[in-house]
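So you can see what is in the structure, the chains are spelled out below.
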Amino acid sequence: MPRFAYVNGRYIDHRRASVHVEDRGYQFADGVYEVIHLFRGRLVDEGPHLDRLERSLAELRISLPLSRAALSLAMRELIRRNRYSTGLVYIQVTRGVAPRDHKFPADPHSSLVMTVRPISEFPSEILENGVRVVTVDDLRWARCDIKTVALLPNVLGKQAAVESGAYEAWMCDGDGFITEGTSSNAWIVTAEGVLVTRPAGIDILRGITRQAILEHADEIGIPFEERKFSREEACAACEVFLSNSSHFVTPVTNIDGVVVGNGRPGSLSTALHNRYLAFMCASPRALS
Ligand SMILES: Cc1ncc(COP(=O)(O)O)c(C=O)c1O
């Protein structure tokens, strides 16, 4: 169990940490969040995550209640107090507390909450066997590039996955193209060895891991295309994987009951997984 949470400037026993019932995050999902991997005491891609947090906030005209430098320091203090070396740092900023009314409050005071929770390292079983995904309709709004706390379609999708024994649900747009997972970006490798992922428009989240993978692919000379791919193309692909900050590169070996490739994680997925692991190991230490 996490020991401390950060709530608007205070480090509070996690069991007692709370926000007001009229916080707009609670009533309107009027807020954004980030998740940063703390890996063996190192913060992975902190800069890009905080850049995306600032972008999400700017898109919704919510202000960060403290400077970015102060946020970084508070996050480190929270990590220090929790004494976890591997976990997920969760940062949430909402438009704050105000009497319930849809329009922005006249004098908003945004709320900042942070938690750290421990996680296990990547299960070797997944790297050996891969995971199953199921496809569901993408029921989300038109600005999926903003990392808002409005995650109900993602919640329903993930629950559908769990109920059918899968690890993740991939969402499909109205034309049968995969947008992304409920908490991950989606990738395939074609018969020609080309890495494919959907372009980062407003219909998906521009994953920080996604961006790092594209850079790694570029560095090691793997050809890639940012284009849409359908559920059928994914089922027929040589390799399939998903990416996110919690589980970086996760091989997918089954989509809607259809076995992908030879049913084993592909060599490119495994190579990208291992390269990303090395990148995490080389990330800056959170605490000096
Ligand atoms: C909908 C969605 N897409 C993609 C991702 C992957 O983003 P990142 O690599 O920044 O964790 C996430 C992460 O939670 C997500 O929720």
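Residues numbered from 1 in each chain as written. Predicted model: local features only at pLDDT ≥ 70, side-chain atom pairs only at ≥ 80, totals over all residues.

Let's talk about the domain arrangement of the protein
How big an interface is tends to be expressed through the accessible area that disappears when the partners come together.
Move 1: Under the domain assignment, the protein is made up of domain 1 (4-118) and domain 2 (124-281).
Move 2: Between the C-alpha centres of domain 1 and domain 2 there is a distance of 26 Å.
Move 3: At the junction of the two partners, domain 1 supplies 21 residues and domain 2 supplies eleven residues.
Move 4: Every element with two or more residues in the side of domain 1 that touches domain 2 is listed here: strand E3 (31-39), helix H2 (46-60) and strand E5 (87-94).
Move 5: Of all the elements, E3 adds the most residues to the side of domain 1 that touches domain 2, at eight residues.
Move 6: In the side of domain 1 that touches domain 2, the residues fall into ten nonpolar, six polar and five charged. (Domains from an automatic or database assignment. Contact = placed C-beta atoms within 7 Å. Helix = DSSP H or I, 4+ residues; strand = E, 2+ residues; numbered from the N terminus. Nonpolar A, V, L, I, M, F, W, Y, C, P; charged D, E, K, R; others polar.)

Thoughts on the sheet that holds strand E6 (residues 111-118)
Move 1: The six strands lie next to each other as E2-E1-E6-E5-E3-E4, forming an open sheet whose pairing is antiparallel. Strand pairing shows two members of the sheet lacking a second neighbour, strand E2 (10-13) and strand E4 (42-43), which therefore form its edges.
Move 2: In terms of strand pairing, E5 meets E6 through eight bridges, oriented antiparallel. The residue of E6 that forms the bridge with Gln92 is Val113.
Move 3: Where H2 meets the sheet, its contacts fall on E3, E4 and E5, and the angle it forms with E3 comes to roughly 175°. (Pairing = 2+ DSSP bridges. Axes fitted to C-alpha atoms, helices over the stretch in contact; angles between N-to-C directions.)

Some thoughts on the site of the ligand
Move 1: By nearness alone, 14 residues border the ligand, and Leu205, Gly207, Ile208, Thr209 and Ser245 come closest of all.
Move 2: Only helix H6 (208-219) and strand E13 (239-244) provide two or more residues apiece to the shell around the ligand.
Move 3: Per-element tally for the shell around the ligand: the top contributor is H6, with three residues.
Move 4: In terms of residue class, the shell around the ligand is made up of three nonpolar, nine polar and two charged. (Near = placed C-beta within 6 Å.)

Notes on the environment of Val89
Move 1: Summarising the element assignment, Val89 is placed in strand E5.
Move 2: By C-beta crowding, Val89 is classed as buried, having 26 other C-beta atoms within 10 Å.
Move 3: Counting along the chain gives 46 residues from Val89 to Leu43, while the straight-line C-alpha distance between them is 9.0 Å.
Move 4: Setting aside chain neighbours within four positions, we find Val89 in contact with Ile36, Leu38, Met75, Ile79, Met114 and Val116. (Buried ≥ 20, exposed ≤ 12 C-beta atoms within 10 Å, placed from the backbone.)

A closer look at the environment of Cys172
Move 1: Secondary-structure assignment places Cys172 in strand E8 (residues 168-172).
Move 2: C-beta crowding within 10 Å serves as the criterion here: with 17 such atoms nearby, Cys172 is assigned to the partly exposed category.
Move 3: In this structure the C-alpha to C-alpha distance between Cys172 and Gly25, which are 147 residues apart in sequence, comes to 27 Å.
Move 4: If we skip the residues at most four places from it in the chain, Cys172 touches Thr135, Asp137, Asp138, Phe177, Ile178, Thr179 and Arg231.

With respect to the pairing of E6
Move 1: Two elements, strand E1 (residues 4-7) and E6, share three bridges in a ladder whose sense is antiparallel. Residue pairing across strands places Val7 opposite Val113, the latter belonging to E6.

Some details on the nonpolar core
Move 1: By size, the foremost hydrophobic cluster in this structure holds 33 residues, and its most contacted members are Val133, Ala169, Trp187, Ile188, Val240 and Val252.
Move 2: In terms of nonpolar packing, the next biggest core, distinct from the first, is built from 23 residues, Ile91, Leu112, Val116 and Ala286 among them. (Core = buried A, V, L, I, M, F, W, Y, C linked by C-beta atoms within 7 Å.)

Structural notes on the packing of H6 against helix H8 (residues 267-281)
Think of two packed helices as two axes; the pair is described by the angle between the axes and how far apart they sit.
Move 1: At their nearest, the axes of H6 and H8 sit 11 Å apart, and the two run at 105° to each other. With respect to H8, the element H6 is oriented roughly perpendicular. Residues Ala212, Ile213 and His216 of H6 pack against Leu272, Arg275, Tyr276 and Phe279 of H8.
Move 2: Here the residues of the contact of H6 with H8 sort into five nonpolar, one polar and one charged. (Parallel < 35°, antiparallel > 145°, perpendicular 65-115°, else oblique.)

Topic: helix H5 (residues 152-163)
Move 1: In this model, H5 (twelve residues) spans 16 Å end to end at C-alpha, consistent with the 16 Å of a helix rising 1.5 Å per residue.
Move 2: Residues Asn154, Gly157 and Ala161 constitute the buried set of H5. The buried residues of H5 occupy an angular sector of 65° when the element is viewed end-on, so they sit on one face. Across H5 from its buried face, at more than 90 degrees, point the exposed residues Leu152, Val155 and Glu163.
Move 3: Against strand E7 (131-137) and E8 lie the buried residues of H5. (Expected span 1.5 Å × (residues − 1). Arc of directions from axis to C-beta.)

A short note on the environment of Trp187
Move 1: In this structure, Trp187 sits in strand E10 (residues 185-189).
Move 2: Taking the number of C-beta atoms within 10 Å as the measure of exposure, Trp187 has 31 and is therefore buried.
Move 3: On a C-alpha basis, the gap between Trp187 and Arg210 in space is 9.1 Å, while along the polypeptide they are 23 residues apart.
Move 4: Ignoring anything within four residues of it in the chain, the contact list for Trp187 reads Leu195, Val196, Thr197, Val240, Phe241, Leu242 and Ser243.

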